[in-house]
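These are the residues of each chain, in order.
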Amino acid sequence: MVVRREKKSRKLRGSRTMGWGIRGQHRDRGSQGSRQVGMHKEKWSWLVKYGKDWYGKHGFKNPTTKLIASISLRKLDELISNNIVKVKEEQGKKVIDLNELGYEKLLGGGSISIPLIIKVKKASPKAIEKVKQIGGEVILSSTE
């Protein structure tokens, strides 16, 4: 390898800006850009080497998964005892329709204090068992 006779810095000593141009004098970071800038231009070689999944969509969102509006027995009992939800009386029995309230499923967490006839689309086996123990009934109404 051939050694340079003079260093570049020695060559540029008399040039006022030492080779960095007349305006910026190597102060700005403009040519670098931020992380995203220049990936399809001056940083393409970096992208080819390191940024394999830089462009495009990634992952998969399952279209069959749906959020089900559910309520537990504990929450239902709280709503009834605080008079937030009105209970209808039909033939001497207290009836509540969870479909009208916007709930799709009854869950078995907690317990209820009064026997009820509960109309709902779906219910867990534990919830059905707890309602029957207290003297109530769960009526499943499938609309599918």
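Refer to the structure printed above.
Notes on the structure follow. Predicted, not measured: the structure shown is a model, and the values here were computed from it.

### Some thoughts on the sheet that holds strand β7 (residues 137-140)
Here is step 1 of the chain: The strand order across the open sheet built from 4 strands is β2-β3-β5-β7, with neighbouring strands paired in mixed fashion. At either margin of the open sheet sits one strand with a lone partner, and together these are β2 (88-90) and β7. Each strand of the sheet is rotated relative to its neighbour by a mean of 30°, with strand direction disregarded.

### Remarks on the nonpolar core
Here is step 1 of the chain: Core analysis: the biggest nonpolar cluster contains 17 residues, and Leu76, Ile96, Leu98, Leu106 and Ile118 have the highest contact counts within it.
Here is step 2 of the chain: When residues of this core are assigned to their parent elements, the largest contribution, 4 residues, is made by helix α3 (residues 73-81).

### Side note on the sheet that holds strand β1 (residues 70-72)
Here is step 1 of the chain: One open sheet accounts for 3 strands, arranged β1-β4-β6; its pairing is parallel. Each edge of the open sheet is held by one strand with a lone partner, namely β1 and β6 (122-123).
Here is step 2 of the chain: Pairing between strand β4 (residues 105-107) and β6: 2 bridges, direction parallel. The residue bridging lysine 105 from the neighbouring strand is lysine 122, located in β6.
Here is step 3 of the chain: Here α3 sits on the sheet and contacts β1 and β4; the angle it forms with β1, its principal contact strand, is near 80°.

Procedures and definitions
Residues numbered from 1 in each chain as written. Predicted model: local features only at pLDDT ≥ 70, side-chain atom pairs only at ≥ 80, totals over all residues. Heavy atoms only, no water. Pairing = 2+ DSSP bridges. Helix = DSSP H or I, 4+ residues; strand = E, 2+ residues; numbered from the N terminus. Axes fitted to C-alpha atoms, helices over the stretch in contact; angles between N-to-C directions. Core = buried A, V, L, I, M, F, W, Y, C linked by side-chain atoms within 4.5 Å. Buried < 20%, exposed > 50% of the residue type's maximum accessible area, 1.4 Å probe, protein only. Contact = heavy atoms within 4.5 Å.

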